[in-house]
Every structure is written in C-alpha cells, then in structure tokens.
Amino acid sequence: MEHSNVTDLNRTEILGDHEFIQVSDSHPYLVIFIGSASGHRYKLKRGKMTAGRSSQADITIDDRRISRIHCIFEWVGDTIMVADKGSTNGIFYDSKKVTSAVLLPGVPIQLGQSVMKIEYKDEAEIQAEETVLRKVSTDSLTGIFSRQHFDELASMEMAYACRHQQVVGVIMLDIDNFKHVLDTYDAQTGDFVITRFAEIINQTIRTEDLFGRYNDEEFVIMPRGVVTRADVFTLCERIRQAIKDHTFRFGEDSIQITVSLGYHLEKVKGRQPNEKQNFSSTG
C-alpha cells in the first residue's frame, strides 16, 4: 500500500523568512447595497466629501430621489460623520430621519432610494469583491449587463416610473440569421461578431441607458430619463443603420449582418395608449 499521502499530511513545512504575507491596512468605504448603484463602493478620504446626484459631487450616486448635493461625509480622527445639506428627502440613519449623525460600521444609511453603510476593507478584500461583482453583473463575453442584473436595474426604473406616472420604454434587438454566421464560419467568429455588435451599440446609446445581453444573439436596451416615441424610433434607426453599414472583419473573413429591433413604450400609471413598433434592418 502507498503511504506517501499519509506522510505528507503529517508533515508541516516551515515558512521562510521572506514568505510573510503583507496585508494592507483596512480603510473606510461607503458601500451601497440597495438601489440602482447597488454594489458600488466609494473610498472615503480624510476631511469632507460631498455626496449627491450631481457629477460635481465627490461621491456621485445615480438616484433621482437624491438631491444634487445631498449631504457631506466627514472623516476626522477615528470618527466619520454625515450631515444633511438641505436635501429634498433628507437622511435616514438606522431607520430614523436625522440631520447629522456619527456613523458606525455596518449601520444602514438611506439617501433617496439608496441604502449604504460604512465598511472597513483592505485592498485584497476589495479586489476579491470586485471580481465577484463583475462575474454576477456582467456578461462574460461582451462586458455589458447580464440578463439578471439588467432585470434588477430595469425593475427599479419601472418602480420609479410607476410612482411618478412616467413613460418607460424598452428596445429588443436580435441579430438576423446568426445561425448562418455560426454555420458558415465557427464559434470563435460568432463570439467576435457578438462582441463587436455590443461595442457598436454601446457607442450608439447614451451612457445612462441600460444595455444588456438578453439571450445568445438577443439584446435589450432601456432608455432612461424622459422617453418619447420619436426619441426611441430615432435611436432604433441609428442602431439599425450603424450595424448595416459596419463590416465585421475577423482574420480573412469579412461579414455583413443586419439587426431586427422592436420597441414598446408605456405610461405606467396613465391612460395613454401603448406605443409599439417592430422593424428590421433588412427593410
């Protein structure tokens, strides 16, 4: 009988002098765990940092119930405080509305529809969490939102539109005859076409629009903000033309594809008739 495994288990190797693993010091982060920016974290700096919806804030949080400059976080010594800056909806700390508070790690803070907390983390923890977040929220091939994460964000947009009786829209996209690309070339070429297709769409839509891979060669867009039928039709036409005009070159192969798009508009709590239209880039 072979005993090498037993011998190995009973033997402990000695660490060398240079094998000590350096772990960086923990640092305070503002971590959002509920809201449209769920999963985002912001590294706090000593002194004051403004937080709000404005791009001018030190911490920009994409939440329409947060004021442009909503509050200030201040880190002095071992204490981190938050103070309201005359925001519309105020600050809730540990479920109580406050104008200012000393923040303890793990206690929830609510700004608008976003809930966050202070956590102390080192760089190794941050890197590990970012890797997990990317895997969960993004499609591994294209880097855009996964279907699951898109659905979560779209649900929040729908909830906001429902409360404020706003029009919401969604655009579905499908690469025409994609099976023909796979049958004519190979899977690697198909992956290239999918990836390049997503890149072209990303360059065409606005930064704030939601864009996800729905299923294989199917994609979905939710335009954000004020949405009109004319805006959505124009966006669809721009996408259709961009794909039609592009030549997908992979190695020695040059491939032309087209895309079919369909959109739906609805005022969530109104009596306005739904607006629907389907059209194809082949037309």
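See the structure printed just above.
The notes below deal with the structure included here. (Residues numbered from 1 in each chain as written. Predicted model: local features only at pLDDT ≥ 70, side-chain atom pairs only at ≥ 80, totals over all residues. Heavy atoms only, no water.)

**Thoughts on the nonpolar core**
Part 1 of the argument: Ranked by internal contacts, the top residues of the largest apolar core, which has 30 residues, are Ile 171, Leu 173, Phe 197, Ile 201, Phe 219, Ile 239 and Ile 257.
Part 2 of the argument: Those elements that provide at least two residues to this core are β12 (167-175), α4 (178-184), α5 (187-204), β14 (218-222), α6 (229-245) and β17 (259-267).
Part 3 of the argument: Sort the elements by how many residues they give to this core and α5 lands first, with six residues. (Core = buried A, V, L, I, M, F, W, Y, C linked by side-chain atoms within 4.5 Å. Buried < 20%, exposed > 50% of the residue type's maximum accessible area, 1.4 Å probe, protein only. Helix = DSSP H or I, 4+ residues; strand = E, 2+ residues; numbered from the N terminus.)

**Quick notes on α6**
Owing to its 3.6 residues per turn, the α-helix brings residues three or four apart onto one side.
Part 1 of the argument: The end-to-end C-alpha distance of α6 is 24 Å, a good match for the 24 Å that 17 residues give at a rise of 1.5 Å each.
Part 2 of the argument: What α6 keeps buried is the set Val 232, Leu 235, Cys 236, Ile 239, Arg 240 and Ile 243. The arc that holds the buried residues of α6, viewed along the axis, is 135 degrees, so those residues lie on one side. Residues Ala 230 and Asp 245 are exposed on α6 and point more than 90 degrees away from its buried face. (Expected span 1.5 Å × (residues − 1). Arc of directions from axis to C-beta.)

**Looking at the packing of aromatic side chains**
Part 1 of the argument: This model, assessed by the stated rule, comprises three aromatic pairs.
Part 2 of the argument: Joined through ring pairs, the aromatic side chains of Phe 197, Phe 211 and Phe 219 make up one cluster.
Part 3 of the argument: The ring centre of Phe 33 lies 5.1 Å from the NZ or CZ of Lys 117, which sits over that ring.
Part 4 of the argument: Lying across the ring of Tyr 214, Arg 147 places its NZ or CZ 3.8 Å from the centre. (Phe/Tyr/Trp six-rings, centres within 6.5 Å; stacked < 30°, edge-to-face > 60°. Lys NZ or Arg CZ within 6 Å of the ring centre and 35° of its normal.)

**A look at unusual backbone geometry**
Part 1 of the argument: Although it is not a glycine, Asp 94 adopts a positive phi angle of roughly 55 degrees.
Part 2 of the argument: Tracing the backbone through its elements, the reader meets Asp 94 in the loop between β7 (91-93) and β8 (96-98).

**Focus: empty space enclosed by the protein**
Sizing a probe to match a water molecule and rolling it over the atoms shows the empty space that remains.
Part 1 of the argument: Summed over the entire model, instances satisfying the criterion amount to one cavity of 30 Å³ or more.
Part 2 of the argument: The wall of the largest cavity is formed by Arg 64, Glu 157, Ala 161, Gln 166, Val 167, Val 168, Gly 169, Met 222, Pro 223, Arg 224, Gly 225 and Val 227.
Part 3 of the argument: Counting only elements with at least two residues in the lining of the largest cavity, the list comes to α3 (147-164) and β12.
Part 4 of the argument: With three residues, the top contributor of residues to the lining of the largest cavity is β12.
Part 5 of the argument: Each residue belonging to the lining of the largest cavity can be placed in one class, and the counts come to six nonpolar, three polar and three charged. (1 Å grid on protein atoms, 1.4 Å probe; cavity = no way out; pocket = protein on both sides within 12 Å on 5 of 7 lines; lining within 4 Å. Points joined across faces, edges and corners; volume = space filled by probe spheres on them. Nonpolar A, V, L, I, M, F, W, Y, C, P; charged D, E, K, R; others polar.)

**With respect to the sheet that holds β7**
Part 1 of the argument: Taken in spatial order, the six strands line up as β2-β1-β11-β10-β7-β8 in an open sheet, and their pairing is antiparallel. The strands lining the two open edges of the sheet, one partner per strand, are β2 (41-43) and β8. Here the strands of the sheet are splayed against their neighbours by 30 degrees on average, with no regard to which way each runs.
Part 2 of the argument: Pairing of β7 with strand β10 (residues 109-111), which is carried by three bridges, proceeds in the antiparallel orientation. Counted as the bridge partner of Tyr 93 is Ile 109 from β10. (Pairing = 2+ DSSP bridges. Axes fitted to C-alpha atoms, helices over the stretch in contact; angles between N-to-C directions.)

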